[in-house]
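Spelled out, the chains give:
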Amino acid sequence: GESVGLHLPTLSVQEGDNSIINCAYSNSASDYFIWYKQESGKGPQFIIDIRSNMDKRQGQRVTVLLNKTVKHLSLQIAATQPGDSAVYFCAEKGASKIIFGSGTRLSIRP
Amino acid sequence: NAGVTQTPKFQVLKTGQSMTLQCAQDMNHEYMSWYRQDPGMGLRLIHYSVGAGITDQGEVPNGYNVSRSTTEDFPLRLLSAAPSQTSVYFCASSYSGQGGYEQYFGPGTRLTVT
């Protein structure tokens, strides 16, 4: 069946360094991949998405990379700031359903 | 725009009771969905809708019903509450199509079933 998972459940980075959050997916038919940020006590917030026919997409301080050969998705956050502390979820859209992965908690060391 | 609104914010039910979680959006989005999030876990899709009059099951639909009579509203009904349904429930909406699937989430409803 469809599944979206993450390699690392927690990630600790030094403030100012770059963060890389990884995600594996299994449904080759997914047409969009999406990253969300969830702060404590709040609903998920859309960060960036990438269509399946793209390899890379950049936003403000974030870059998403898609490697369809190994079914791998990553989110890169440049110059990580304290406000980036949150749980990050990848999700995939197959047909009409958007399915979430299990999440990675990003913590920032001062 | 209010975005996506959910009511109530908190609810305590006894086993066997029924209730409806309300969700509304004022962005004229076609796509709406309900997720549940258990502590320390990801979001699991319960039901979704691609437009008024159309609903479909997600990953964990058992024990829940939905309807979509208007574009704006997408209520979630718990038929007979069970302790396993204790969770935080999130409603989301988005446009769907070539522009991507930027979902907007509501603030959530925290449900406890005793």
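Please read these numbers as outputs of a predicted model, since none were measured by experiment.

Draft legend 1. Molecular detail of the state of the cysteines. Residue and element names in this part refer to chain B. Considering all chains together, one arrives at two disulfides over all chains under this definition. Here C23 is linked by a disulfide to C91, with a sulfur-sulfur distance of 1.8 Å. Taking the torsion about the sulfur-sulfur bond, which here is approximately -70 degrees, the covalent link between C23 and C91 counts as left-handed. Residue C23 is found in strand β3 (residues 19-25), and its partner C91 is found in strand β9 (residues 87-94); the two are separated by 68 residues along the sequence. Given the relative accessible area of 1%, C23 is considered buried. C91 sits in the buried class, given a relative accessible area of 0%.

Draft legend 2. View of the interface of chain B and chain A. Taken residue by residue, the interface counts 22 residues in chain B and 19 residues in chain A. Sorting the residues of chain B by area buried against chain A places B:L43, B:Y101 and B:F105 first, and these three jointly supply 31% of that buried surface. Joining chain B to chain A, the criterion identifies four residue pairs in polar contact (both at pLDDT 80 or more). For the side of chain B that touches chain A, the elements supplying multiple residues, two or more each, are β4 (31-37) and β5 (43-51) of chain B. Tallied by class, residues from the side of chain B that touches chain A come to 10 nonpolar, 10 polar and two charged.

Calculation criteria
Residues numbered from 1 in each chain as written. Chains lettered and ligands numbered in written order. Predicted model: local features only at pLDDT ≥ 70, side-chain atom pairs only at ≥ 80, totals over all residues. Heavy atoms only, no water. Disulfide = S-S within 2.5 Å. Helix = DSSP H or I, 4+ residues; strand = E, 2+ residues; numbered from the N terminus. Buried < 20%, exposed > 50% of the residue type's maximum accessible area, 1.4 Å probe, protein only. Contact = heavy atoms within 4.5 Å. Buried area = accessible area lost by both parts, 1.4 Å probe. Polar contact = N/O pair within 3.5 Å; in protein donor to acceptor, adjacent residues only side chain to side chain. Nonpolar A, V, L, I, M, F, W, Y, C, P; charged D, E, K, R; others polar.

Distances and angles like these do not, on their own, reveal function.
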